[in-house]
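# Working through the structure, step by step
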Amino acid sequence: MEDPGTRESSLSDGASDDDMPQSLPDESSNSGSIRKGCDPFAQTQRSKLQHRRARINQQINKEMRMRAGAENLFRATTNKEELEELNSNMEVYQTDSEAVKVPMIPLGLKETKDVDFTIPIQDFICEHYGEESAQYDREIRELMELRQAMRTPSRNQAGLELLMEYYNQLYYVDQRFFSAHRNLGVHFHWYDSLTGVPSSQRALAFEKGSVLFNIGALYTQIGARQDRCATADIDAAIDAFQRAAGAFNYLKENFSNAPSLDMSAPSLSMLVRLMLAQVQECVFERIAVASRSARFSSQLRLAQEAARVSDVYLLVQQTMTQPLMKDYVPFSWASMVQVKSEHFRALSHYYAAAALCEHTLSSKEEEGDEEAEEVFLGFYVNAPAGQSLRQILQDTEKRRKLGKAHLRRALIRHEEAMRVHGLCKILRKMDILQDVLSLAHKRSLDKYSALDREDDFDETAEAPEIQAQTQQKPDVTPPNFSTVQVTDIFQRLGPLSVFCARARWGPVRVICLQRREGGLGLTLRGDSPVLVAGVVPGGCAEEAGLREGDYIVAVDGQDCKWAKHAEVVHLLKSCSDRGVDISVVTLHSHDTQVERKAIMLSHCSNKEHSRQRLMAGTKGQSSASLLNWSRKKKRESCTVTKKLGSTFSLSFGSIRDTESMY
């Protein structure tokens, strides 16, 4: 049976050019990454968990290689059950604070194997660029060190920047070494975040998608570790979970046909909803912290916020029970979501009872009564049968009975939450969750006992359903990759406008020129690299074999790929009587439009703009490319058009001023 994780062309990247690395530093300076990963041998709780996950992933992978068909899943069952417990572990990612808070659901990082770029990149440099591959050993080693560090990011902003740096660097790797006409031959192995099932592809889009998934997962861990006792910590958790939702949503919209289930559209949709539900929970906690007062309207708004949290978790629970997700989502996750839905529904009824029973609103002269009455009139989905809400507000006994009805429903919900909690072995191990549920249940029970009377023989009425409302709707914050600036590690290969994997050119030719009275007989144009815009018929350059359209890459052995126009001119004018040796290449492209765009882009003196134009202009036109970025193109003749993340179009007629004849 064919392993589905080994099929290629299963992940397509449809991200827009707006998300490519922007505001990059000068490519002529080459400095390694200053960001490092965590020490993989540090004996922290999180590192021990990651080590256990990696070990079990390897065991599952070994068993699946040794056996075939349905027997694979049967023999790996024991390890998978253990791995599920590790992957769905929530307690290790929680805050160290002693505050009694409902735990959040974080996501573990995807594990990956080592990748050796050395031989594939060396062969590509030698065959495609025609250069000595040994000269780029330092760059290859730097890329591999960056990937190794990316595997163990720290659980803070530095870890996020490390992942984003590698993600941005993959853009340059794709441009330099991944061609539609040739496969680099590097296999990227990643394990499913929840099941540990391995997947392997040669598509760089799979690597990019997995790194992006880990960015979202790391945001969930950062959000889960917040203390959430103060407003600032709650806001930090809200921001982290919204950014996690943005990363998963970006992955869902721009990458398709993922080989692993954790990156499939149904799974990513579920994760987005889960993150937004946790944002809504944090909003409730922030309002609860901010409104310490026991005002009637404040209690009612807390009840509506809690009802909103319960509703969104119920939606997440329904998503988890869909056919594709039912057998994939860990049982502990599904149980936790159901517990939270029941718990916050109970809290909504508790706060409703507290508002009704602890406050007296009998006089219209009291400050805030009008506001409270307005809130109460919109508090229920349907008003209690046979009673006016205004009458209830004026009658203490009616408020007591209605509050008692709410407490009765609260106790039912609390008991259901505790029942679901007791069914899950993993949740039973979480002492903090047990404390939260027990304290909430005891508080509702105590209040119900205080309201109960010996002579209260009337049947308690059913409490109406509370209208869910929120003061802040969650936002999906997309990832901003431009916040992390990167430099092309392999920028010594030359400007991307010419020296990329998708461009095709002839071998390097060495032209020996002897100066005559009429000069060298050539016209130069542009910077980095300088273009031979023309040769004088019958002149020295034409006789030596120089052709219009050649790029000068070296003068007398000195590399000139990044040289300015004036620097090349100076080298040519400094030649001795013996002449000068010019190394040139001629660009050949199967797509004349790509060739013309590459030629035009090479003349801009601003290398940062040239680099951004290349990102849009030199991407492969073939539909077979797995990194086929979708964008709208707009061109206007004889003008310069600027579009964020897109291209600059410059006509030939507007650059004649930069030409010089020698």
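What counts and how
Residues numbered from 1 in each chain as written. Predicted model: local features only at pLDDT ≥ 70, side-chain atom pairs only at ≥ 80, totals over all residues. Heavy atoms only, no water. Helix = DSSP H or I, 4+ residues; strand = E, 2+ residues; numbered from the N terminus. Buried < 20%, exposed > 50% of the residue type's maximum accessible area, 1.4 Å probe, protein only. Contact = heavy atoms within 4.5 Å. Areas by Shrake-Rupley, 256 points an atom, 1.4 Å probe, with all protein chains shown as cover. Polar contact = N/O pair within 3.5 Å; in protein donor to acceptor, adjacent residues only side chain to side chain. pLDDT = per-residue confidence, 0-100. Expected span 1.5 Å × (residues − 1). Pairing = 2+ DSSP bridges. Salt bridge = Lys/Arg side-chain N within 4 Å of Asp/Glu carboxyl O. Phe/Tyr/Trp six-rings, centres within 6.5 Å; stacked < 30°, edge-to-face > 60°. Lys NZ or Arg CZ within 6 Å of the ring centre and 35° of its normal. Axes fitted to C-alpha atoms, helices over the stretch in contact; angles between N-to-C directions. Parallel < 35°, antiparallel > 145°, perpendicular 65-115°, else oblique. Left-handed = near helix turned anticlockwise from the far one by under 90°. Nonpolar A, V, L, I, M, F, W, Y, C, P; charged D, E, K, R; others polar. Core = buried A, V, L, I, M, F, W, Y, C linked by side-chain atoms within 4.5 Å. Domains from an automatic or database assignment.

### Overview of the overall build of the protein
Each helix and strand counted, the protein has 21 helices and 12 strands in total. When the 662 residues of the protein are sorted by exposure, 54% land in the buried category. Long-range contacts, defined as pairs at least 24 residues apart, comprise 79% of the intrachain contacts of the protein with a sequence gap of at least 6. Total accessible area on the protein stands at roughly 28,900 Å², and carbon and sulfur atoms take up 48% of it.

### Thoughts on the side chain of D262
With respect to the helices and strands, the residue D262 is situated in the loop between β4 (255-256) and α9 (265-290). Looking at D262, its side chain comes within polar contact range of the side chain of K110, at 2.9 Å. Leaving out residues up to four positions away in the same chain, D262 has contacts with K110, Y191, D192, S193, F213, S267, L268, L271 and Y328.

### Considerations on the confidence of the model for the protein
If pLDDT is low for a region, its predicted coordinates should not be looked at in detail. Residues with a pLDDT of 70 or more make up 70% of the protein, whose mean pLDDT is 78. This stretch, residues 1-10, has a pLDDT under 50; its non-local contacts, to residues over four places away or in other chains, come to 19 contacts. Note on residues 590-657: pLDDT under 50 across the span, and 145 contacts to partners over four residues away in sequence or across chains.

### A closer look at α9
Spanning 26 residues, α9 covers 37 Å between terminal C-alpha atoms, matching the ideal 38 Å at 1.5 Å per step. The element α9 is largely enclosed, with a buried count of 19 among its 26 residues.

### Quick look at the environment of V309
Tracing the chain through its elements places V309 in helix α10 (residues 296-320). Counting along the chain gives 30 residues from V309 to V279, while the straight-line C-alpha distance between them is 9.1 Å. Every residue in contact with V309, bar those within four places of it in the chain, is listed here: Q280, E281, F284 and F344.

### Comments concerning the pairing of strand β8 (residues 530-535)
Most of β8 sits inside the fold, with five of its six residues counted as buried. Inspection of the sheet shows strand β7 (residues 522-525) paired to β8 by four bridges, in the antiparallel sense. Of the residues in β8, the one forming a bridge with T523 is G534. From the end of β7 to the start of β8, which pair antiparallel, there are four residues, and G526 there has a positive phi angle of about 80°. Relative to strand β9 (residues 550-555), β8 runs antiparallel, the two sharing two bridges.

### So, the pattern of salt bridges
Counted according to the given criterion, the structure contains 23 salt bridges. Between R228 and E285 there is a salt bridge, with its nearest N and O atoms 2.7 Å apart. With R228 in the loop between α7 (204-224) and α8 (231-254) and E285 in helix α9, this pair connects stretches of sequence that are 57 residues apart. This pair shows no difference in class: R228 is buried, exactly as E285 is. Counted as one network, the salt bridges with shared partners bring together D311, R345, R409, E462 and E465.

### Focus: the packing of aromatic side chains
A full pass over the atoms with the stated rule returns 16 aromatic pairs. When the ring of F376 is compared with that of Y380, the centres are 5.8 Å apart and the planes differ by 75°; the resulting orientation is edge-to-face. With respect to burial, F376 and Y380 carry one shared label: buried. In textbook terms, an aromatic cluster arises when at least three aromatic residues are bridged by ring pairs, as seen for F124, Y129, F177 and F490. The lysine or arginine in question, K110, covers the ring of F213, its NZ or CZ lying 5.7 Å from the ring centre. The ring of Y136 has R492 sitting right over it, with the charged end atom 4.6 Å from the ring centre.

### Observations concerning the packing of α9 against helix α12 (residues 331-358)
The contact between α9 and α12 brings their axes to 13 Å, and the two run at 30°. By the criterion of interaxial angle, the relationship of α9 to α12 is roughly parallel. The handedness of the crossing between α9 and α12 comes out as left-handed. Residues L271, L274, Q278, E281 and F284 of α9 touch α12, and the partners they reach there are W333, V337, K340, F344, L347 and Y351. Here the residues of the contact of α9 with α12 sort into eight nonpolar, one polar and two charged.

### Looking at the nonpolar core
Counting 141 residues, the largest nonpolar core has F177 and F376 as its most contacted members. Ranked by residues supplied to this core, first place goes to α9 with 14 residues. Two domains share this core, each providing at least three of its residues, namely domain 2 (293-360 + 373-472) and domain 3 (504-586). Not counting chain neighbours up to four residues away, the residues in contact with F177 comprise I121, F124, I125, Y129, L184, F490, L493 and A501. Formed by 22 residues, the second largest nonpolar core is a distinct cluster that contains L520, V555, A563 and L571.

### Some thoughts on the environment of Y136
Secondary-structure assignment places Y136 in the loop between α4 (118-129) and α5 (137-150). Separated by 356 residues in sequence, Y136 and R492 have C-alpha atoms that sit 8.6 Å apart. Once residues lying within four places of it in the same chain are set aside, the contact partners of Y136 are I125, E131, F490, R492 and L493.

### Here's the deal with the pairing of strand β6 (residues 509-513)
Residue alternation in β6 divides its side chains into a buried set, R509, I511 and L513, and an unburied set, V510 and C512. Where β6 meets strand β11 (residues 580-588), five bridges bridge the pair, whose relative direction is antiparallel. Paired with R509 across the strands is V584, a residue of β11.

### Let's talk about the packing of α4 against α5
Taken N-terminus to C-terminus, the directions of α4 and α5 make an angle of 140°; their axes are 10 Å apart at the nearest point. With respect to α5, the axis of α4 lies oblique. The chirality of how α4 crosses α5 is right-handed. Contacts from T118, I121 and Q122 in α4 reach D137, I140, L143 and M144 in α5. Here the contact of α4 with α5 is built from residues that sort into four nonpolar, two polar and one charged.

### Observations regarding unusual backbone geometry
Omega for the bond connecting S528 with P529 falls within 30 degrees of zero, at -5°, which places this linkage in the cis form. With respect to the helices and strands, P529 occurs in the loop between β7 and β8. A positive phi is found at S528, a non-glycine position, where the angle reads about 45°. Inspection of the secondary structure puts S528 in the loop between β7 and β8. A positive phi angle is found at D556, which is not glycine, with a value near 55°. Of note, D556 is situated in the loop between β9 and β10 (558-559). Of the residues examined, D556 reaches a relative accessible area of 37% and is grouped as partly exposed.

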